[in-house]
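Structural characterization, general
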Amino acid sequence: MIEVRFTYYTGLKRSLFRNARLRGSWDAQGRPAADWTDRPMQEIVAEDGCPAFTATVQLHEDGVGRAFRWGVALDGPEGADRWGIPAETPDTGAQLRFREFTLDGSAGRHERYFLTWSRRLGAQKHYTDPAAPPSIRFAAWAPNAQAVDVVFSPRDRGYVGDDHSGIDPAMPVIPLARSGEDEEEGIWTGEPVADFAAFTGAPYMFRVRNAQGQTVYRTDIHSRWQAGRGSVDPAEKPWDGDRRTLDGTVSCSVVVDQDVVRREFEPPAGPPPELVGDEDFWAHEFDPDRPVPTRLEDLVIYELHVGSLGFGSAGPGTLGHAMAFLDYLVELGVNAVELLPMSEFAGDLGWGYGNTHHFVVESSAGGRDQLKHFVRECHRRGIAVIQDVVYNHFDGDASRAVWQYDSTAPEQNCYYWYEGRPADYPDPDGGYLDNGSSGWSPRFRAEPVRQLFTSSAAEFVEEFHVDGLRVDLTQAIHRDNVLHADGRSVGAANLFGQKLLREWSRTLRMIRPSVMLIAEDHTGWDAVTRMPDVGGLGFEATWFAAFYHNLVGDADSAGWDAARLLRQAGFGGDEPLAMGRFAAELRASRFDRVVYHESHDEAGNAGGSRRTAVTAVGGAPLQGATRAYAEARSRVAAGLALLSAGTPMFFMGEEIVAQKDCRFDNILESREDLWGERAGEGARMYRFYRELIALRRAHPGIRSHEIDVVHTWDPSRVIAFTRREPGSELLVAASLNNRPFADGYVVQTDPARLPAGSWREVFNSDSSAYGGSDVGNFGAAIPAWDGRIELRLPANGFVVLLRV
């Protein structure tokens, strides 16, 4: 008999799972079998300090040379007896989930599975005795390297130059080696060094002898902190020697104890900050009187770029500014905030849509501890946090990170997908893949690359307590991978991109079933919002760009057949508008969509796009009557989005009539004084948003997915629709006509679609409190019969009526 040990590592500090059973393709005598057998596993604390499960099996020597398959079933947050292997087999088109090995007869074989790699690579704690303080162990994925070791920089420097300068001679050089399964996976691991606490805060780099024999310095892709928080790359321009001015992506990684948090958001200068354990930090996370929403349909999302806060300050906004902004959001009434990407990016100012260190929170914004404080304060105020993440490309400037990590050969550029060899193409770059994003496609085929994305997402959910994730441009991952040389589709890359998204969503739901997962996906593929067990990718909702293009339509990408209602109305004429065309998208908002009338992409970033109020008057200055028109039409656009059947979202500043183009390359110049405008010229719009959000949150009928467009008329520029749930029926009638229907406008439809009875106006966008003209129905009970109701409709306005 040949003894084989199996271990299932969670990589998570909390004990989420229990009652684990090893299942494998062997019988009671240890021979290969078609029917799998079960064996209970023992729960242990693994060397990474996290719960794990282990079992030992005696396999018969008759199985030598045969392939065995295995996996683990366990009880956890999703329920009892759930399959614990979210990763799929490496076969291109298969969706099978098990691990496999060939029995070779050697003694001491150890088969392992890592649910997450959160504690596997990087600078991690290592426990030989759970009762003793941990040592430190370094590990890196470098499958093509000839040698890897760890070098340190002085703590006040944080940079090692390509000329080998900046290495601290007082610190040890720690060699890493490949052995066992780690060798097969290309992982280099060091011997544990005592003790972890002595290394906390130490800046380090991996010194890699690459496949060509060159010595290069690489950051730790699994680090939790990068030393720099500025924008200087010493290889490109002079550096003053201050680590604070370094670009984080090229600076040293820093050893961080990820199990503790600074007690204070901004500790005072001087003494070391007081640290508390994660469990203590999160002990009073929620206020029972202000519950955090956990259903996507209950959210009203405020899209926030932290760097665009801090109006009046010299530098970009920080998490400190975001903390101070929470009272503003609470008063506005939104119950979810979506943060543009917070993972480390090049420089100290940007949208964040290009990352290399997915476990690092951007240092210039405040870093990991401040993000935890921010999430906790959001939760105490009843606000959910959605975090944007980017997996379709890496940062374009990744020269000391993922780019050519351990080889200069394109086919060995381990984080990037490359087809064939450079000799196959006139241009060596021809073998890389384009996918519609701003960089080459990642190597989705490699499990360490997929685990980089999945495990960093698991850390956001488990350690930062975010409530959901929004994945940038998922179609670039699962559909649009093409060869750079000639644009031919690379089907294998698309299939492995789909594997990534299924593994990602499965893993996150194993950890927290209530996690809200949103895709920016414009393909219309229904599998995006199906669960992986039925062939889907596992998202709950997709961004609904077609809604925006038909409602607002200022971006060049809108398409020739889009309704472009607001853009057309902004020209000031009285020609018919394509209300019927827009109605199709309004109906479709019920199909698992995040609906918006403006996002960061369309606030000036996309070609032709502007802020909503500017588009509403064709780009004219917002003064006098022109501003009144701009605000009235903007209120209609916001109302149609917030009252749709999707989950509504809007970009920061819409609520105070933001006017400046907001682009990725003019962030500081485009900042607007949100607090000041809230109390000044933007006060009326802020009140409109606050009261409309309150209306949505108060009525289950508006939060439901039930919507019926009962009337459209292009010449009158009117659309009417109902929102229903038992006991909560509402009618919305909106007009982009430049004159009011003060004498009444008849909405006529099938009697079954507009219930007879009395309807009372409960909201009017033309209220003088919002800067309107008070044309409406003044709360009167208006009868409907035979599918007919007559309403007074304002110019460029809408009314909401409740069936009483």
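The structure displayed is predicted, hence computed values, not measured ones.

Summed over the entire model, instances satisfying the criterion amount to 49 aromatic pairs. Note on Y418 and Y432: the rings are 4.8 Å apart at their centroids and 80° apart in plane angle, and the pair reads as edge-to-face. Note that Y418 is positioned in the loop between β24 (384-389) and β25 (433-434) and Y432 in the loop between β24 and β25, a separation of 14 residues in sequence. The exposure class of Y418 is buried, given its relative accessible area of 7%. Note on F544 and F547: the rings are 5.9 Å apart at their centroids and 45° apart in plane angle, and the pair reads as tilted. A cation over an aromatic ring shows up here: R120 above the ring of W117, its NZ or CZ 4.4 Å from the ring centre. Above the plane of the ring of F281 lies R376, whose end atom (NZ or CZ) is 3.9 Å from the centre.

Before going further, it helps to examine the layout of surface pockets. In this structure, the largest pocket occupies an estimated 1000 Å³ of space. Of all the secondary-structure elements, those providing two or more residues to the lining of the largest pocket are α2 (196-199), β18 (260-262) and α5 (367-380). Residue classes in the lining of the largest pocket are distributed as 18 nonpolar, 5 polar and 9 charged.

Of all 7 residues in strand β15 (residues 203-209), 5 are buried; the element is thus mostly enclosed. Pairing of strand β12 (residues 147-152) with β15, which is carried by 6 bridges, proceeds in the antiparallel orientation. Its bridge partner lying in β15, D149 is registered against R207. Where β15 meets strand β17 (residues 253-254), 2 bridges bridge the pair, whose relative direction is antiparallel. Among the inter-strand pairings, Y204 is bridged to a residue of β17, identified as S253. Across 4 bridges, β15 lies against strand β16 (residues 215-218) in antiparallel orientation. Among the inter-strand pairings, R207 is bridged to a residue of β16, identified as Y217. Connecting the antiparallel pair β15 and β16 is a turn made up of 5 residues, with G213 showing a positive phi of about 85°.

Scanning all chains against the criterion turns up 66 salt bridges. Two residues, R678 and E331, come together in a salt bridge whose shortest N-O distance is 2.5 Å. With R678 in helix α15 (residues 674-679) and E331 in helix α4 (residues 319-332), the pair connects residues that are 347 residues apart, well separated along the chain. Residue class for E331 comes out partly exposed when judged on its relative accessible area of 34%. Bridged by salt links that share partners, the residues K13, R119, K125, R224, D257, D259, R368, E459 and E463 form one connected network.

The rules behind the values
Residues numbered from 1 in each chain as written. Predicted model: local features only at pLDDT ≥ 70, side-chain atom pairs only at ≥ 80, totals over all residues. Heavy atoms only, no water. Phe/Tyr/Trp six-rings, centres within 6.5 Å; stacked < 30°, edge-to-face > 60°. Helix = DSSP H or I, 4+ residues; strand = E, 2+ residues; numbered from the N terminus. Buried < 20%, exposed > 50% of the residue type's maximum accessible area, 1.4 Å probe, protein only. Lys NZ or Arg CZ within 6 Å of the ring centre and 35° of its normal. 1 Å grid on protein atoms, 1.4 Å probe; cavity = no way out; pocket = protein on both sides within 12 Å on 5 of 7 lines; lining within 4 Å. Points joined across faces, edges and corners; volume = space filled by probe spheres on them. Nonpolar A, V, L, I, M, F, W, Y, C, P; charged D, E, K, R; others polar. Pairing = 2+ DSSP bridges. Salt bridge = Lys/Arg side-chain N within 4 Å of Asp/Glu carboxyl O.

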